[in-house]
Amino acid sequence: IDVEKLAMMAKTASEVAHEVRNPLAVINNTIYLLKGILPKDEAVENHLNRMEHQVHRIDLYFNDLLDLSKPLSLTLISADINTSIEEAINEVPLSIFSGIELIKELDKSLPRIKIDPRYIRAVFINLIKNACEIMQGNGKLMVKSEQIDRFVQISFKDTGQGIKAEDIEKIFEPFFTTRGKGTGLGLSICKRFVTAHHGDIKVKTKIGKESVFIVTLPIDVVD
């Protein structure tokens, strides 16, 4: 994304988020109030839960849009990347792992690297969620960390359906999605966060078999 387009997105996103989030908060508070005062009725409760879910989805969309557009200010600290991986796994709702076998191959001898844990953890959470959603409750997710030359490499390998060749070049573009749900912003945000760390993110895939998202971060950070 070029600087001019990014600046325009930032301005638009912040203005729209401000205008929309206020009425969203009113709707959410009203739903909460109705749940407390209405007599118990399964059909009504289901409708209120659906409304609440959709409000939450809209709020997440604006979070993603703001994450993509706002300037990044990294606070780099010396960190153990395996700790960031474990924290990301623990922050993902347990229900997402239903029917998924999680396999961890984490190299305990990795050197500490300078990262902003907030952003790197967000990358890992997004990749874990994507992998589990693609497998639809049936498959294996392998998370692996290792040292390759002067880089730490973290890979997320799923046993999903893979990614079509024509989509590979587009998956890190904003608003591109191969699924019926989602904002299409998650992977572009991941790329932005990783690039800000002077790292790289790429994907390898086999149709009908697997996809592997690989995050590479430098051990020696160049300011």
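Residues numbered from 1 in each chain as written. Predicted model: local features only at pLDDT ≥ 70, side-chain atom pairs only at ≥ 80, totals over all residues. Heavy atoms only, no water.

**Student:** Requested: an account of the overall build of the protein, with residues and values cited.
**Tutor:** Per the secondary structure count, the protein includes six helices and seven strands. In sequence order, the protein lays out its α and β elements as α-α-β-α-β-β-α-β-β-α-α-β-β. Across the 223 residues of the protein, 36% fall into the buried class. Pairs at least 24 apart in sequence give 75% of the contacts found in the protein among residues at least 6 apart. Carbon and sulfur atoms make up 54% of the accessible area of the protein, which totals about 13200 Å². (Helix = DSSP H or I, 4+ residues; strand = E, 2+ residues; numbered from the N terminus. Buried < 20%, exposed > 50% of the residue type's maximum accessible area, 1.4 Å probe, protein only. Contact = heavy atoms within 4.5 Å. Areas by Shrake-Rupley, 256 points an atom, 1.4 Å probe, with all protein chains shown as cover.)

**Student:** How would you sum up the sheet that holds strand β7 (residues 210-218)? Please name residues and give values.
**Tutor:** Two modes of strand pairing occur in sheets, parallel and antiparallel, and in both the strands are linked by backbone hydrogen bonds. With mixed pairing, the five strands of this open sheet are ordered in space as β2-β4-β5-β7-β6. Every other strand in the sheet has two partners, leaving β2 (100-106) and β6 (200-206) as the edge strands with one partner each. Between one strand axis and the next, the sheet turns through 15 degrees on average, direction left out of account. The sheet strands contacting helix α3 (residues 81-91) are β2, β4 (139-148), β5 (151-158) and β7, and the helix crosses β2 at an angle near 170 degrees. (Pairing = 2+ DSSP bridges. Axes fitted to C-alpha atoms, helices over the stretch in contact; angles between N-to-C directions.)

**Student:** Any details on unusual backbone geometry? Residues and values, ideally.
**Tutor:** The phi dihedral of Gln-136 falls on the positive side, at around 50 degrees, and the residue is not glycine. The residue Gln-136 is located in the loop between α4 (117-135) and β4 in this model. Even without being glycine, His-198 reaches a positive phi, approximately 60 degrees. Here His-198 lies in the loop between α6 (186-196) and β6.

**Student:** Which residues make up the packing of aromatic side chains, and what are the values?
**Tutor:** Across all of its chains, the model carries two aromatic pairs by this definition. Their ring planes at 45 degrees and their centres at 5.5 Å tell us that Phe-124 and Phe-156 sit as a pair that is tilted. With a gap of 32 residues between them, Phe-124 in helix α4 and Phe-156 in strand β5 connect regions that are remote in the sequence. (Phe/Tyr/Trp six-rings, centres within 6.5 Å; stacked < 30°, edge-to-face > 60°.)

**Student:** Talk me through α3; I want residue IDs and the actual numbers.
**Tutor:** Looking at α3, one finds that the buried residues are Ile-81, Asn-82, Ser-84, Ile-85, Ala-88 and Ile-89. The arc that holds every buried residue of α3, seen down its axis, measures 160 degrees, which confines them to one face. Of the residues flanking the start of α3, the one acting as N-cap is Asp-80, its side-chain oxygen 3.0 Å from the backbone nitrogen of Asn-82. (Arc of directions from axis to C-beta. Polar contact = N/O pair within 3.5 Å; in protein donor to acceptor, adjacent residues only side chain to side chain.)

**Student:** Kindly report on a nonpolar patch on the surface, identifying the contributing residues and their values.
**Tutor:** A cluster of nonpolar side chains, namely Leu-33, Ile-37, Leu-38 and Val-44, defines an oily patch on the protein surface of about 350 Å² accessible area. Tracing the sequence through the fold places Leu-33 in helix α1 (residues 3-37). (Patch = residues over 30% accessible without salt bridge, like charges linked within 9 Å, V, L, I, M, F, W, Y side chains within 5 Å. Salt bridge = Lys/Arg side-chain N within 4 Å of Asp/Glu carboxyl O.)

**Student:** With reference to specific residues and values, describe the nonpolar core.
**Tutor:** Counting 42 residues, the largest nonpolar core has Ile-81, Phe-124, Leu-127, Ile-128, Leu-141, Ile-154 and Leu-217 as its most contacted members. Tallying contributions element by element places α4 first for this core, with ten residues. (Core = buried A, V, L, I, M, F, W, Y, C linked by side-chain atoms within 4.5 Å.)

**Student:** Got a sec to walk through α6? Specific residues and values, please.
**Tutor:** Of all eleven residues in α6, eight are buried, a share of seventy percent or more. Considered for burial, the residues of α6 that qualify are Gly-186, Leu-187, Ser-188, Ile-189, Cys-190, Arg-192, Phe-193 and Val-194. Of the residues trailing α6, His-198 is marked for its positive phi of about 60 degrees.

**Student:** A description of the pattern of salt bridges should follow, citing residues and the corresponding values.
**Tutor:** Oppositely charged side chains may form a pair once their charged atoms are brought near each other. Counting across every chain of the model gives seven salt bridges. The partner of Glu-86 in a salt bridge is Lys-104, with the nearest N and O atoms 3.0 Å apart. Of this pair, Glu-86 sits in helix α3 while Lys-104 is found in strand β2, placing the two residues 18 residues apart along the sequence. Across the pair Glu-87 and Arg-121 runs a salt bridge whose closest N-O atoms are separated by 3.2 Å. Here Arg-121 lies in helix α4 and Glu-87 lies in helix α3, a separation of 34 residues in the sequence.

**Student:** Provide a residue-level description of the packing of α3 against α4, including the pertinent values.
**Tutor:** Each pair of packed helices gets described by two things: the angle between the helix axes and the distance between those axes. For the pair α3 and α4, the least separation of the axes is 9 Å and the interaxial angle reads 50 degrees. Taken together, the axes of α3 and α4 are oblique relative to one another. At the point where α3 passes α4, the crossing takes the right-handed sense. Of the residues in α4, those in contact with Ile-81, Ser-84, Ile-85, Glu-87, Ala-88, Ile-89 and Glu-91 of α3 are Ile-120, Arg-121, Phe-124, Ile-125 and Ile-128. Classifying every residue of the contact of α3 with α4 by side-chain character gives eight nonpolar, one polar and three charged. (Parallel < 35°, antiparallel > 145°, perpendicular 65-115°, else oblique. Left-handed = near helix turned anticlockwise from the far one by under 90°. Nonpolar A, V, L, I, M, F, W, Y, C, P; charged D, E, K, R; others polar.)

Nothing here speaks to function; it is geometry throughout.
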